Amino acid sequence: MKQQDLSSGRILKAPESFLSRDGIKTVFAEARAGRRDFIRNAFAAAAAGVAAPVAMAQGNPVPVEGGDPNILTLPTHSTSLGQGVATEGYGKPSQFEANVQRRQSPGLTQTTQASVSFAPLQSLFGIVTPSGLHFERHHQGWWDIDPSKHRFMINGMVKSPRVFTVDEIMRLPSVSRFHFIECGANTAVDWGNVAVPTVQYTHGMVSCSEFTGVPLITLLEMAGADLKNGKFVLAEGADGSSMTRTIPMSLIKSGEVFVAYGQNGEMLRPEQGYPLRLIVPGVQGVSWVKYLRRIEVGDKPYATKDEAVHYIDLQPDGQHRQYTSIQECKSVVTTPSGGQVLLDKGFYNISGLAWSGRGKVKRVDVSVDGGRNWRTARLESPVLSKALTRFNIDWVWDGKPAIVQSRAMDETGYVQPNYKQLRSVRGTRSIYHNNAIQSWLVQENGEVKNVQVS
Ligand SMILES: Nc1nc2c(c(=O)[nH]1)N[C@H]1C(S)=C(S)[C@@H](COP(=O)(O)O)O[C@H]1N2
Ligand SMILES: [Mo]
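The following refers to the structure shown. The residue numbering used here restarts from 1 in each chain and proceeds along that chain's sequence as written. Naming scheme: in the order in which they are written, chains are lettered from A and ligands are numbered from 1. Totals for whole chains, interfaces and linings use all residues, but because this is a predicted model, local features are given only for residues with pLDDT of at least 70 and pairs of side-chain atoms are given and counted only at 80 or more. The side-chain quantities take in all heavy atoms of the structure and omit both hydrogens and water.

1. Comments concerning the site of ligand 1
In the region of ligand 1, 22 residues are neighbours, and Phe135, His139, Asp239, Arg277 and Lys290 sit closest. Within 3.5 Å is the distance limit for a polar contact, defined as a pair of N or O atoms, with the added protein rule that one can donate a hydrogen and the other accept it, and that residues adjacent in sequence qualify only through two side-chain atoms. Here an oxygen atom of ligand 1 sits 3.3 Å away from a polar atom, N or O, in the side chain of His134. Note that an oxygen atom of ligand 1 is positioned 2.8 Å from one of the backbone N or O atoms of His139. Using the Shrake-Rupley algorithm and a 1.4 Å probe, accessible areas are obtained, with residue cover drawn only from the displayed protein chains. When isolated, ligand 1 has an accessible area of 540 Å², and the protein chains bury 100% of it. Among the detected pockets, ligand 1 sits in the largest cavity. Only DSSP runs of H or I reaching four residues or more are called helices, and only runs of E reaching two or more are called strands; each is numbered from the N terminus. At three residues, the largest contribution of residues to the shell around ligand 1 is made by strand β2 (residues 136–138). Here the term charged refers only to Asp, Glu, Lys and Arg, the term nonpolar to Ala, Val, Leu, Ile, Met, Phe, Trp, Tyr, Cys and Pro, and the term polar to all other amino acids, Gly among them. Classifying every residue of the shell around ligand 1 by side-chain character gives nine nonpolar, seven polar and six charged. What makes a residue near a molecule or strand is one non-hydrogen atom of that residue sitting within 4 Å of it. In the cavity and pocket records, a cavity denotes points on a 1 Å grid over the protein atoms alone where a 1.4 Å probe fits but cannot get out, a pocket denotes an open set with protein on both sides within 12 Å along at least 5 of 7 lines, and lining residues are residues with an atom within 4 Å of a point. Those molecules having more than half of their atoms within 2 Å of a cavity or pocket grid point set are described as sitting in that cavity or pocket.

Structure follows, in structure tokens:
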């Protein structure tokens with residue numbers, strides 16, 4: 001196990017990488033049981049092998065007595081035939097990456113079907129979430145629906161109600177676009193001051209994919225929808241949760257909302273709503289109705305259970321805010337992040353993700369002293385509207401305690417708030433739409449912890 005984990009060559013490891021799949025409890029048990037020895041050993045081995053460039057960048061290569069056997073002894077893969085090409089089947093990640101998984105949060109009560117699994121943000125690069133690691137939120141469990149039996153209906157304020165098969169949808173002109181989807185409840189547990197241990201659990205209800213499908217406006221026009229008096233649509237899923245959400249017609253007219261069948265170059269995954277799902281860029285995840293079976297055109301909001309009882313924001317004055325749809329600008333450092341361990345002082349690449357439901361991310365600043373000083377990070381291309389954006393910035397850790405934060409700004413000029421600013425507007429009893437600045441405390445022993453400052 002330990003040997004396997006080192007081979008991925010990353011200088012920072014998510015706790016899961018060090019450990020069995022039992023998850024986070026084991027992490028803390030091992031930490032208490034003196035895991036630091038292991039980390040030291042791991043560092044020596046890593047520095048001798050795959051992580052050598054890092055050690056050398058610090059001008060501090062770790063000599064290995066008698067030479068490094070990983071260099072001196074030719075491995076089997078260099079001296080004999082490899083495995084044959086797969087004649088059929090679906091490719092899988094390396095066996096050494098088996099710990100990179102979606103996980104259920106230790107901070108949440110789970111039932112089998114009404115549940116959440118979080119994406120392992122600490123292990124991902126770039127902006128695309130591999131489909132098999134996309135977070136999941138099901139109100140009633142997921143289904144693998146036979147596409148030949150699935151029907152999609154448009155009715156309400158339309159001249160001719162229509163029913164489409166999936167094949168009929170796939171014949172129409174399509175678009176492919178990268179967008180993030182974030183559950184309105186992402187980072188909800190931290191709002192209540194509960195510090196879940198890793199970025200997977202604080203922010204892992206966000207994912208980003210390239211989705212392919214047909215603009216909803218095209219389908220509405222085909223049904224002769226009344227686009228003048230029709231101010232809203234109701235989107236309905238085919239699963240037993242009766243997931244129904246109101247979407248304003250203005251968003252649909254902009255051409256941004258589409259009925260997707262594709263995700264990252266292949267058909268949607270069943271967990272993501274195969275065979276059809278609504279894509280509502282910038283809007284909270286609950287409106288991205290999966291297993292989409294019906295769109296009804298109407299002239300007022302529908303106030304369904306999922307928008308009158310659930311997904312409402314309790315304000316400081318005791319009123320509930322309905323229809324908070326846009327996910328405001330937000331960011332998080334994914335490396336270093338909670339549960340990871342910095343192996344030694346020296347150079348590190350601070351990396352993270354930023355996004356805004358209002359357009360493109362314009363700038364991300366990073367602080368390593370709890371928000372006193374800020375430096376502007378590099379935004380990596382592509383920077384796309386309503387998609388995850390990757391940022392990176394250099395950091396030389398002096399081995400002293402540090403508080404790492406990121407603060408994003410979007411193209412509207414909106415700046416991500418800290419907790420104090422957020423609570424002054426939203427109070428302390430809210431659950432949804434926490435976009436506050438996240439703080440990670442790097443301790444002297446290298447262990448990184450979730451903390452709240454300000
Ligand atoms: N039909 C249907 N659509 C649904 C849901 C659901 O349970 N059923 N969950 C919603 C919620 S609350 C979220 S956050 C997203 C989650 O999408 P994902 O599971 O693809 O990540 O789907 C939304 N659409
Ligand atoms: Mo959600």
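2. Things to note about the packing of aromatic side chains
Put simply, two rings from Phe, Tyr or Trp (the six-membered ring, in Trp's case) pair if the centres are within 6.5 Å, and we call them stacked under 30 degrees between planes, edge-to-face over 60, tilted for the rest. On inspection of all chains with the given rule, the structure shows seven aromatic pairs. With a centroid separation of 5.7 Å and an interplanar angle of 65°, the aromatic rings of Phe211 and Trp288 are classed as edge-to-face. With Phe211 in strand β6 (residues 206–215) and Trp288 in the loop between β11 (277–279) and β12 (292–298), this pair connects stretches of sequence that are 77 residues apart. On the basis of relative accessibility, which here comes to 0%, the residue Phe211 falls in the buried class. The ring centre of Trp374 lies 4.2 Å from the NZ or CZ of Arg407, which sits over that ring. To sort residues, take the accessible area from a 1.4 Å probe on protein chains only and compare it with the maximum for the residue type: under 20% means buried, over 50% means exposed, and anything in between is partly exposed. Look at NZ for Lys and CZ for Arg. If either is within 6 Å of the ring centre and within 35 degrees of the ring normal, a charge sits over the ring.

3. Some points on the nonpolar core
Note on terminology: a nonpolar core comprises buried Ala, Val, Leu, Ile, Met, Phe, Trp, Tyr and Cys residues joined through side-chain atoms within 4.5 Å. Counting 87 residues, the largest nonpolar core has Phe152, Leu219, Leu220, Leu278 and Ile295 as the members making the most contacts within it. No other element matches strand β16 (residues 346–355), which puts five residues into this core. The residues touching Ile295, leaving out its near neighbours within four places in the chain, are Phe152, Met153, Ile154, Asn155, Leu216, Leu220, Val233, Leu234, Ala235 and Leu278. In what follows, a contact means two residues having at least one pair of non-hydrogen atoms within 4.5 Å.

4. A few points about the sheet that holds strand β23 (residues 448–451)
Sheets are built from strands that pair by backbone hydrogen bonding, the pairs being arranged parallel or antiparallel. Two strands are said to pair when DSSP picks up at least two bridges between them. The strand order across the open sheet formed by five strands is β18-β17-β21-β22-β23, and the pairing between neighbours is antiparallel. Two strands lie at the open edges of the sheet, namely β18 (375–376) and β23, each paired on one side alone. Relative to β18, strand β17 (residues 361–367) runs antiparallel, the two sharing two bridges. Bridge pairing in β18 links Asp365 to Thr376.

5. Thoughts on the layout of surface pockets
One number sums up the size of the largest pocket: a volume of about 560 Å³. Around the largest pocket sit 30 residues that line it, and Leu108, Val116, Arg137, Ala185 and Tyr432 are the ones nearest its centre. At the level of secondary structure, the elements contributing two or more residues to the lining of the largest pocket comprise β1 (115–117), α9 (188–191) and α13 (305–308). No other element matches the three residues that α9 contributes to the lining of the largest pocket. Across the lining of the largest pocket, the residue classes tally to 14 nonpolar, twelve polar and four charged. Grid points are joined across faces, edges and corners, and a volume is the space filled by probe spheres set on the points.

6. Side note on the pattern of salt bridges
What makes a salt bridge here is a side-chain nitrogen of Lys or Arg within 4 Å of a carboxyl oxygen of Asp or Glu, nothing more. With the rule as written, the count across this model stands at 19 salt bridges. Residue Glu236 is joined to Arg294 by a salt bridge in which the shortest nitrogen-to-oxygen separation is 3.1 Å. One end of the pair, Glu236, is in strand β7 (residues 232–237); the other, Arg294, is in strand β12, with 58 residues separating them in the sequence. Across the pair, exposure class does not vary: Glu236 and Arg294 are buried alike. The partner of Glu328 in a salt bridge is Arg358, with the nearest N and O atoms 2.7 Å apart. Here the residue Glu328 occupies a position in the loop between β14 (320–321) and β15 (330–335), and Arg358 occupies one in the loop between β16 and β17, the gap between them amounting to 30 residues.

7. Description of the sheet that holds strand β4 (residues 162–165)
The mixed open sheet is built from five strands, whose spatial order is β4-β3-β12-β7-β8. Strand pairing shows two members of the sheet lacking a second neighbour, β4 and β8 (244–248), which therefore form its edges. Ignoring strand direction, the axes of neighbouring strands in this sheet form an average angle of 20°. Relative to β12, β7 runs antiparallel, the two sharing six bridges. Along β12, the bridge assignment pairs Ala235 with Ile295. In this analysis, axes come from line fits to C-alpha atoms, helices being fitted only over the stretch in contact, and the angle between any two N-to-C directions falls in the range 0 to 180 degrees.

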